[in-house]
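Here is how the chains run, residue by residue.
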Amino acid sequence: MNITVHSSKAVKPAYPGGVAPAGERAVPLTVLDKANFDTYISVIYAFRPPVPANAALEDGLARVLVEYREWAGRLGVDAEGNRAILLNDAGARFVEATADVTLDSVMPLKPTPEVLSLHPSGDGATELMLIQVTRFACGSLVVGFTTQHIVADGRGTNNFFLAWSQATRGAALDPVPVHDRESFFRPHDPPLVEFQHRGVEFKPYEKHVDEKIHAGDEDEEEEVVIHKVHFSREFISKLKAQASAGLPRPYSTLQCVVAHLWRCMTTARGLEEGQSTSVCIAVDGRARMNPQVPDGYTGNVVLWARPTATAGELVARPLQHAVGLINREVARINDAYFKSFIDFASSGAVEKERLVAAADADEMVLSPNIEVDSWLRIPFYDLDFGGGRPFFFMPSYLPVEGLLILLPSFVGDGSVDAYVPLFSRDMDTFKNCCYAMD
């Protein structure tokens, strides 16, 4: 598969009448934005023909950037020196490319370095949204997005993707974007910090600097490979029945699949029985906070649950034990927890103690721990530019050992795909146990 780039341009908001808002406005990042990963994330969509012409996609992008100015802006600082999104309409990057093969000849796309050619790189980028449209010899279209995570979480970013497709086909934007980054996260006065946030969402700056080497030399030289696991609806039903036996209501698909993979990955890594292992699960606060944050909110509303166990306990005890640990910790990240975090992060303690976000995009080896990004409830497959929904969706190649990504399978029957990165030495053991049950 050879990809040829034909053009790369900045697409700016197309204001009605060509009249842009007066002056440049700076929108300060919230404490939830600043606690998130300061890095670029890339995803890939595939569409069968008919698909709109590139000019129609570009026009739709210019129109939707009027409603989502942050994605046409740049990161900078406001008048008080706080990190902010500058609404300067500098534009989103729009790249046009072609492939010399049919899409079917390379499907299903695999999580290998080859897919990096299907989206723009975030390395050295100043744009916050970068898009590549790649047309294949058969007329199929692949759309690759690269977005700055500190601007928005997965749901907020996907709302923009949906809005672009709606603008392209002339539909009303749904959900309606909500850009207010102040009202929902105002701290109490005085602060009410009820939970521990040092060593959880924040860590000391000195430690951040000194721990650039996260594993031994042997691990740094070891290859990380990504294996895509497909869990059928039937397999998931059996998992849930096993995990929920004797309980009044079943555990969720997410919690059962994560617990199963946590145990399998721990076995595959060969951790010592007494070694502590945790699984870090992103928790969306939109529906958990009171009052609720609207679905159309455009920033980050994510904190993390961190259930922890020893490797021996996790593997020796039944699946239900692991799911119970996850369920309790996820439930703990509630309205009170979010507000405690907001109060602590706004209290001045972070600056005084020189703390930094624990979400570290430079960390490439997570063992003995696991990090989970669940996209199971994000409607990625609703994207429709006018020719129908995507028939395939995937994250890009991201070889971070232990970074688990879950998404609904493109089969559309309730099955789940899991992208599992492990050291190559551990992968055979993982493959032998990932479809097995206790």
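Residues numbered from 1 in each chain as written. Predicted model: local features only at pLDDT ≥ 70, side-chain atom pairs only at ≥ 80, totals over all residues. Heavy atoms only, no water.

Structural notes on the packing of helix α7 (residues 253–269) against helix α9 (residues 319–332)
Inference 1: Two numbers describe how α7 lies on α9: the axes approach to 9 Å, and their chain directions differ by 120°. Comparing their axes, α9 and α7 come out oblique. Seen along the crossing, α7 lies across α9 with a hand that is right-handed. Only Leu319, Ala322, Val323, Leu325, Ile326, Asn327 and Val330 of α9 make contact with α7, whose side of the interface consists of Gln255, Cys256, Val258, Ala259, His260, Trp262 and Arg263.
Inference 2: Here the residues of the contact of α7 with α9 are counted per class, giving 10 nonpolar, 3 polar and 1 charged. (Axes fitted to C-alpha atoms, helices over the stretch in contact; angles between N-to-C directions. Helix = DSSP H or I, 4+ residues; strand = E, 2+ residues; numbered from the N terminus. Parallel < 35°, antiparallel > 145°, perpendicular 65-115°, else oblique. Left-handed = near helix turned anticlockwise from the far one by under 90°. Contact = heavy atoms within 4.5 Å. Nonpolar A, V, L, I, M, F, W, Y, C, P; charged D, E, K, R; others polar.)

Focus on the packing of α7 against helix α12 (residues 424–433)
Inference 1: α12 packs onto α7 with a crossing angle of 140° between their chain directions and a minimal axis gap of 8 Å. Judged by the angle between their axes, α7 and α12 are oblique. Remark: the crossing between α7 and α12 carries right-handed chirality. Taken together, the residues of α12 that come into contact with α7 (itself represented by His260, Leu261, Cys264, Met265, Thr267, Ala268 and Arg269) are Asp426, Thr429, Phe430 and Cys433.
Inference 2: Counted by class, the contact of α7 with α12 contains 6 nonpolar, 3 polar and 2 charged residues.

Describing the sheet that holds strand β2 (residues 25–28)
Inference 1: Spatial strand order, β2-β5-β4: 3 strands in an open sheet with antiparallel pairing. Each of the sheet's edge strands pairs with one partner strand only, and the pair in question is β2 and β4 (74–77). Geometrically, the sheet is characterised by an average inter-axis angle of 45° between neighbouring strands, direction not taken into account.
Inference 2: Of the strand pairs in this sheet, β4 and strand β5 (residues 83–87) are connected by 4 bridges, and their pairing is antiparallel. Residue pairing in the sheet places Arg74 in a bridge with Leu86 of β5. (Pairing = 2+ DSSP bridges.)

As for the domain arrangement of the chain
Inference 1: Along its sequence, the chain is carved into domain 1 (3–169) and domain 2 (223–435).
Inference 2: Its C-alpha centre places domain 1 at a distance of 25 Å from the equivalent point of domain 2.
Inference 3: Counting from both sides, the interface comprises 51 residues of domain 1 and, opposite them, 45 residues of domain 2.
Inference 4: Carbon and sulfur atoms make up 66% of the surface buried where domain 1 meets domain 2, a total of about 4200 Å² over both sides.
Inference 5: Looking only at domain 1, the three residues that lose the most surface to domain 2 are Leu32, Pro111 and Arg155, adding up to 18% of its buried area.
Inference 6: A salt bridge links Asp153 to Arg286, with the nearest nitrogen and oxygen atoms 2.9 Å apart.
Inference 7: Taken together, the connections running from domain 1 to domain 2 amount to 19 residue pairs in polar contact (both at pLDDT 80 or more).
Inference 8: Broken down by secondary-structure element, the contributors of at least two residues to the side of domain 1 that touches domain 2 are α1 (31–34), β3 (40–47), β8 (141–148) and α3 (154–169).
Inference 9: Per-element tally for the side of domain 1 that touches domain 2: the top contributor is α3, with 11 residues.
Inference 10: When grouped by side-chain class, the residues that make up the side of domain 1 that touches domain 2 number 29 nonpolar, 13 polar and 9 charged. (Domains from an automatic or database assignment. Buried area = accessible area lost by both parts, 1.4 Å probe. Salt bridge = Lys/Arg side-chain N within 4 Å of Asp/Glu carboxyl O. Polar contact = N/O pair within 3.5 Å; in protein donor to acceptor, adjacent residues only side chain to side chain.)

Details of the pattern of salt bridges
Inference 1: All told, the structure shown has 20 salt bridges when counted by the stated rule.
Inference 2: Here Arg69 ties to Asp89 by a salt bridge, and the two come within 3.1 Å at their closest N and O atoms. With a gap of 20 residues between them, Arg69 in the loop between α2 (54–67) and β4 and Asp89 in the loop between β5 and β6 (92–99) connect regions that are remote in the sequence.
Inference 3: The class for Asp89 is buried, based on a relative accessible area of 12%.
Inference 4: The partner of Glu329 in a salt bridge is Arg332, with the nearest N and O atoms 3.3 Å apart. Taken together, the positions of Glu329 and Arg332, both in helix α9 and 3 residues apart, correspond to about one turn of that helix. (Buried < 20%, exposed > 50% of the residue type's maximum accessible area, 1.4 Å probe, protein only.)

Regarding the side chain of Thr277
Inference 1: Relative to the helices and strands, Thr277 resides in strand β11 (residues 276–284).
Inference 2: Among the polar contacts listed, one links the side chain of Thr277 to the side chain of Trp262, at a separation of 3.2 Å.
Inference 3: Here Pro368 takes part through its backbone oxygen, which lies 2.6 Å from a polar atom of the side chain of Thr277.
Inference 4: Those residues in contact with Thr277 that lie beyond four places of it in its chain are Trp262, Thr266, Leu271, Pro307, Thr308, Ala309, Thr310, Ala311, Leu314, Pro368 and Asn369.

Regarding unusual backbone geometry
Inference 1: Residue Pro108 is reached from Met107 by a cis peptide bond, and omega for that bond is -10°.
Inference 2: By the element assignment, Pro108 lies in the loop between β6 and β7 (129–135).
Inference 3: In this structure, Pro291 follows Asn290 across a cis peptide bond, with omega equal to 0°.
Inference 4: If you trace the backbone, Pro291 turns up in the loop between β11 and β12 (302–305).
Inference 5: Phi is positive for Asp89, which is not a glycine, with a value near 60°.

Considerations on the pairing of β6
Inference 1: Burial runs high along β6: 6 of the 8 residues are buried.
Inference 2: Inspection of the sheet shows strand β1 (residues 3–11) paired to β6 by 8 bridges, in the antiparallel sense. Its bridge partner being in β6, Lys9 is matched across the sheet by Phe94.
Inference 3: Pairing geometry for β6 and β7, over 6 bridges, is parallel. By the bridge assignment for β7, Ala97 is matched with Thr134.

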